[in-house]
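So the chains spell out like this:
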Amino acid sequence: MENIAPKYDTCFFERYAKISLETLLGEHYANLVNRDRPDLQDNERGIGIEVTRAIREDVNVAHALINEMAGDEIMEVNDVDRDNIARTGYAYGLGDGNMMGLKEYEYWSLAMPMKRILENKIRKVNNRFYGDYNEFGLFVFTKEDLDKEGIRRVMDFAMQTQEGLDVTYDKLYVSQIQMLYICDLNNDSFESFKVSKKQRQLFYDKAIEL
């Protein structure tokens, strides 16, 4: 993917995730620091959180994600995007392969990037690539518009993928920028937090400044 701008490197997303968790979820995440393997760490509490993105490999989508993170206008899906989704969505691997309507295609347009990210990160955490923590989390930024049913299916896929493994993620954080979903993979439940335009602008400004 083409680089958006040097300041939007991986550390920008890690900082944005850190600020989001601290602001929206409070004390439990107040002492996270930006390091590596995993990206966010609190050694005193034993929390390790890996930060990643699951978006289509398209520079326009990447730009739209940054704009939304900054609190700017949201890019709408155009007719060409919809046509591409309708022609290719069924092949992405999380569905049953049957022909689906446009709404289902729009959901499954996320499937391949999200599936790849989950499988890759789950394999790494099980291989102890991210060390040893009491609580492992995976924070995923996405540009796709997943409703609660979509989040449920993503969470189910994550739980099924890590079933029987020795080391697994306890929490899956799915950031749609305007909404943050906190998925408890141990208790099979999730909750959502709406992120206002003002909050997004604040998160963006802080992530740029750091």
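Parameters at a glance
- Residues numbered from 1 in each chain as written.
- Predicted model: local features only at pLDDT ≥ 70, side-chain atom pairs only at ≥ 80, totals over all residues.
- Heavy atoms only, no water.
- Helix = DSSP H or I, 4+ residues; strand = E, 2+ residues; numbered from the N terminus.
- Buried < 20%, exposed > 50% of the residue type's maximum accessible area, 1.4 Å probe, protein only.
- Polar contact = N/O pair within 3.5 Å; in protein donor to acceptor, adjacent residues only side chain to side chain.
- Pairing = 2+ DSSP bridges.
- Contact = heavy atoms within 4.5 Å.
- Axes fitted to C-alpha atoms, helices over the stretch in contact; angles between N-to-C directions.
- Salt bridge = Lys/Arg side-chain N within 4 Å of Asp/Glu carboxyl O.

A. Seen up close, the side chain of Gln41. Here Gln41 shows up in strand E2 (residues 40–42). Note on Gln41: relative accessible area 6%, which makes it buried. A polar atom in the side chain of Gln41 sits 3.1 Å from the backbone oxygen of Asp36. A polar atom in the side chain of Gln41 sits 2.9 Å from the side chain of Tyr133.

B. Quick peek at the sheet that holds strand E6 (residues 179–184). One open sheet accounts for 7 strands, arranged E1-E2-E3-E4-E5-E6-E7; its pairing is mixed. In this open sheet, the two edge strands, each paired with only one partner strand, are strand E1 (33–34) and strand E7 (189–194). Alignment of E6 against E7, held across 6 bridges, turns out to be antiparallel. Directly across from Cys183, in E7, lies its bridge partner Phe190. This element, helix H6 (residues 148–162), spans strand E5 (171–175), E6 and E7 of the sheet and lies at about 135 degrees to E7.

C. View of the side chain of Gln176. Examined against the element boundaries, Gln176 turns out to sit in the loop between E5 and E6. Only 3.1 Å separates the side chain of Gln176 from the backbone oxygen of Leu146, close enough to count as a polar contact. The residues touching Gln176, leaving out its near neighbours within four places in the chain, are Glu68, Thr142, Glu144, Asp145, Leu146 and Tyr181.

D. A look at the pairing of strand E3 (residues 47–53). Most of E3 sits inside the fold, with 6 of its 7 residues counted as buried. Counting the residues in the hairpin turn of E2 and E3 gives 4 residues, including Gly46, whose phi is positive at 75 degrees.

E. Fine view of the pattern of salt bridges. The final tally for this structure, using the stated rule, is 6 salt bridges. Measuring nitrogen to oxygen at the nearest pair gives 3.8 Å for the salt bridge that ties Asp42 to Arg45. Judged by its relative accessible area of 34%, Arg45 falls in the partly exposed class. For Asp156, the salt bridge goes to Arg152, with nearest N and O atoms at 2.6 Å. A residue pair is termed a helical-turn pair when its members lie 3 or 4 positions apart in one helix, as Asp156 and Arg152 do in helix H6 at 4 residues.

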